[in-house]
Amino acid sequence: MVEWTEFERDTIKDIFSKIDYDVVGPAALTRCLVVYPWTRRYFGNFGALYNAEAIMGNEMVANHGKKVLHGLDRAVKNMDHIKESYCELSQLHSDQFHVDPDNFRLLADCLAIAIATQWGSAFTPDIQAAFQKFLSVVVFSLGSQYH
Amino acid sequence: MSLSSKQKATVKDFFSKMSTRSDDIGAEALSRLVAVYPQTKSYFSHWKDASPGSAPVRKHGITIMGGVYDAVGKIDDLKGGLLSLSELHAFMLRVDPVNFKLLAHCMLVCMSMIFPEEFTPQVHVAVDKFLAQLALALAEKYR
């Protein structure tokens, strides 16, 4: 089981109470699709994704970004049982969406950058460390049911 | 995943905009490396204090950023231009190349913190590719 310090627990709750899901979610997914273009393979039915401008203006990408970010809520509420919370979603991503789990890590990196853009210097090294630790647990959990 | 000429121009342009804050970014990036990836402190056991924000960490971050800027000037031939630095990292420092990626990520975080408007997704991809090419050039002499 993952051990969390009080600072880490407070930081995660604080981050998720303060971020604007409607901005950060779309920004993170957009960056992922632009910076790691192979991730576009999973969004064949999202319409125009052929360049950065198209991706940045794509409403389906924006909506999906919000959805994905809200997908982290269950981990925030359940920090002591993150792996269990993602059992079903992990199976889904493996068996239905066939997403290479390394992509979760790429999206997590983009999420850190999206928040850094919003928060500036308020995104301190300690906060970044706690956030990335949290994301790495989620990433691991999402990959846990692959077979 | 080599850089197009447009991306090279994007990198040069962004690094030039960043130049007034390059020391801060270098110092912050290395601080974040040791904070977010504590295992990287293993390379700095000879320092009295390798904690985030410490003087040796900040100073070394500035040195590294200087090297990155130097590489921007050699963007058309990174392998050739970084030969001696590669030999240093391969034979003397022996830093596991996986750490180049981790530091690159921390640099990107700092750039996005300090230049949120300029660090657009298009700039992000160009800089990420550049740092990846830089890492490859640094690892050239490893084996």
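Residues numbered from 1 in each chain as written. Chains lettered and ligands numbered in written order. Predicted model: local features only at pLDDT ≥ 70, side-chain atom pairs only at ≥ 80, totals over all residues. Heavy atoms only, no water.

Focus: the pattern of salt bridges
Note on pairing: side chains with opposite charge can pair once their charged atoms come close.
Residue and element names in this part refer to chain A.
So, point 1. Taken as a whole and assessed by the stated rule, the structure comprises nine salt bridges over all chains.
So, point 2. As a salt-bridge pair, K133 and E8 come within 3.0 Å of each other at their nearest N and O atoms. Placement of the pair is K133 in helix 9 (residues 125-143) and E8 in helix 1 (residues 6-18), with a sequence separation of 125 residues.
So, point 3. Between D80 and R9 there is a salt bridge; the shortest N-O distance is 3.0 Å. (Salt bridge = Lys/Arg side-chain N within 4 Å of Asp/Glu carboxyl O. Helix = DSSP H or I, 4+ residues; strand = E, 2+ residues; numbered from the N terminus.)

Some words on the UniProt feature "domain: Globin" (unreviewed entry) in chain B
So, point 1. UniProt feature "domain: Globin" (unreviewed entry): in the numbering of this structure it lies at residues 2-143 of chain B.
So, point 2. Here residues 2-143 of chain B is 69% helix and 0% strand, with 22 Å between the C-alpha atoms at its ends. (UniProt positions renumbered as here; feature names shortened; annotations may be inferred.)

Section: unusual backbone geometry
So, point 1. Positive phi outside glycine occurs at H98(A), with the angle close to 50°.
So, point 2. The backbone phi angle of R94(B) is positive, close to 50°, even though this residue is not glycine.
So, point 3. Inspection of the secondary structure assignment puts R94(B) in the loop between helix 5 (83-93) and helix 6 (98-114).

Thoughts on the UniProt feature "domain: Globin" (unreviewed entry) in chain A
So, point 1. Those places that UniProt annotates as "domain: Globin" (unreviewed entry) correspond, in this numbering, to residues 3-147 of chain A.
So, point 2. Split by type, residues 3-147 of chain A is 70% helix and 0% strand. Its first and last C-alpha atoms lie 26 Å apart.

Description of the environment of D49(B)
All names here are of chain B.
So, point 1. Within the secondary structure layout, D49 lies in the loop between helix 2 (22-36) and helix 3 (55-73).
So, point 2. According to the relative accessible area criterion, D49 is partly exposed, its value standing at 35%.
So, point 3. With 23 residues separating them in the primary sequence, D49 and V72 have C-alpha atoms 30 Å apart.
So, point 4. Those residues in contact with D49 that sit more than four places away from it in its chain are S54, P56 and V57.
So, point 5. One polar contact links D49 to S51, side chain to side chain, over a distance of 2.6 Å. (Buried < 20%, exposed > 50% of the residue type's maximum accessible area, 1.4 Å probe, protein only. Contact = heavy atoms within 4.5 Å. Polar contact = N/O pair within 3.5 Å; in protein donor to acceptor, adjacent residues only side chain to side chain.)

Things to note about the packing of helix 3 of chain B against helix 6 of chain B
Residues and elements named next belong to chain B.
So, point 1. Contact geometry for helix 3 and helix 6: axes closest at 13 Å, N-to-C directions at 90°. Here helix 3 lies roughly perpendicular to helix 6, going by the angle between them. Contacts between helix 3 and helix 6 involve I64, M65 and V68 from the former and L103, M107 and M111 from the latter. (Axes fitted to C-alpha atoms, helices over the stretch in contact; angles between N-to-C directions. Parallel < 35°, antiparallel > 145°, perpendicular 65-115°, else oblique.)

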